[in-house]
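Close look at the chain arrangement
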Amino acid sequence: MSGTGESELVAKWRGLLTSYNGIACNLDRELQDQHGLGLSEFEALDRLIESGQDKLRMHELAADMYLSQSAFSRTVARLERAGLVGRSMCMDDRRALFVTPTEAGRARHAEARDTHRKVLAHHLD
């Protein structure tokens, strides 16, 4: 790769990172201030509820998330402590856990979803 091509590639990458970080910080701040949810907590709750399933296996929910397995587990634990999700063992596979949104989780998600989408629209439209 030529020096100029490489420089352009790195500049595009850095521009993407700058854009992502700005949007993510704004989302995190707005969700925390208005709904008491961090971006990771909202994303996990959003993906769980938007799946249309009553419950998801932890590994299915984690598969599309941008978090490490341990960070994802801590995120779900925070949601559980807040009463927004429940966790239960899978009777067919004792190693697997299900995550289920609670009524409080569905209500918090409904409130926070509008904030999330407004911030996204502001930055991406």
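Description of the structure in this document. This is a predicted model, so every value here is computed, not measured.

Across its full length, the chain carries five helices and three strands. Taking 2.2 N^0.38 as the reference for a compact globule, 125 residues should give roughly 14 Å; the C-alpha atoms of the chain span a radius of gyration of 17 Å, well beyond that estimate. Based on the C-alpha atoms only, the size of the chain along its principal axes is roughly 55 × 35 × 20 Å. Here the chain, with 125 residues, has 34% of them falling under the buried criterion. A sequence separation of at least 24 residues applies to 55% of the contacts in the chain between residues at least 6 apart. As displayed, the chain has an accessible area near 7,800 Å², and 51% of this comes from carbon and sulfur atoms. Computed over 17 positive and 19 negative side-chain charges, the separation of the two mean positions in the chain equals 4 Å.

Attention shifts here to the packing of aromatic side chains. Aromatic rings in a pair are described by how distant their centres are and how their planes are angled relative to each other. Within this structure, the stated rule accounts for zero aromatic pairs. Sitting over the ring of F98, K55 keeps its end group 4.3 Å from the ring centre.

What follows is about the packing of helix 2 (residues 39-50) against helix 5 (residues 103-124). One way to put it is that helix 2 packs onto helix 5 with a least axis distance of 10 Å and a crossing angle of 110°. Of the possible angle classes, the one that applies to helix 2 and helix 5 is roughly perpendicular. Along the contact surface, helix 2 presents F42, E43, L45, D46, I49 and E50, while helix 5 presents G105, R106, H109, A112, R113, H116 and R117. The residue inventory of the contact of helix 2 with helix 5, partitioned by class, reads four nonpolar, three polar and six charged.

Secondary-structure assignment places L39 in helix 2. It is 8.5 Å that separates the C-alpha atoms of L39 and C25, two residues lying 14 residues apart in sequence. Contact partners of L39, with chain neighbours within four places excluded, come to A24, L27, D28, L31 and Y66.

This paragraph deals with the sheet that holds strand 3 (residues 97-101). The strand order across the open sheet formed by three strands is 1-3-2, and the pairing between neighbours is antiparallel. In this open sheet, the two strands that pair with only one neighbour each are strand 1 (56-57) and strand 2 (85-89). Where strand 1 and strand 3 come together, two bridges link them in antiparallel fashion. Bridged to R57 within strand 3 is F98.

Moving on, we come to the nonpolar core. Within the largest apolar cluster, 24 residues are counted, with the highest numbers of intra-cluster contacts made by L37, F72, V85 and V99. Listed by contribution, the elements that provide at least two residues to this core are helix 1 (3-35), helix 2, helix 3 (58-63), helix 4 (69-81) and helix 5. The leading source of residues in this core is helix 2, at six residues. The contact partners of V85, leaving out residues within four places of it in the chain, are L45, L48, V76, L79, E80, V99, T100, P101 and T102.

Rules and cut-offs
Residues numbered from 1 in each chain as written. Predicted model: local features only at pLDDT ≥ 70, side-chain atom pairs only at ≥ 80, totals over all residues. Heavy atoms only, no water. Helix = DSSP H or I, 4+ residues; strand = E, 2+ residues; numbered from the N terminus. Rg over C-alpha atoms; globule rule 2.2 N^0.38 Å. Buried < 20%, exposed > 50% of the residue type's maximum accessible area, 1.4 Å probe, protein only. Contact = heavy atoms within 4.5 Å. Areas by Shrake-Rupley, 256 points an atom, 1.4 Å probe, with all protein chains shown as cover. Lys, Arg positive; Asp, Glu negative; His and termini not counted. Charge placed at Lys NZ, Arg CZ, Asp CG, Glu CD. Phe/Tyr/Trp six-rings, centres within 6.5 Å; stacked < 30°, edge-to-face > 60°. Lys NZ or Arg CZ within 6 Å of the ring centre and 35° of its normal. Axes fitted to C-alpha atoms, helices over the stretch in contact; angles between N-to-C directions. Parallel < 35°, antiparallel > 145°, perpendicular 65-115°, else oblique. Nonpolar A, V, L, I, M, F, W, Y, C, P; charged D, E, K, R; others polar. Pairing = 2+ DSSP bridges. Core = buried A, V, L, I, M, F, W, Y, C linked by side-chain atoms within 4.5 Å.

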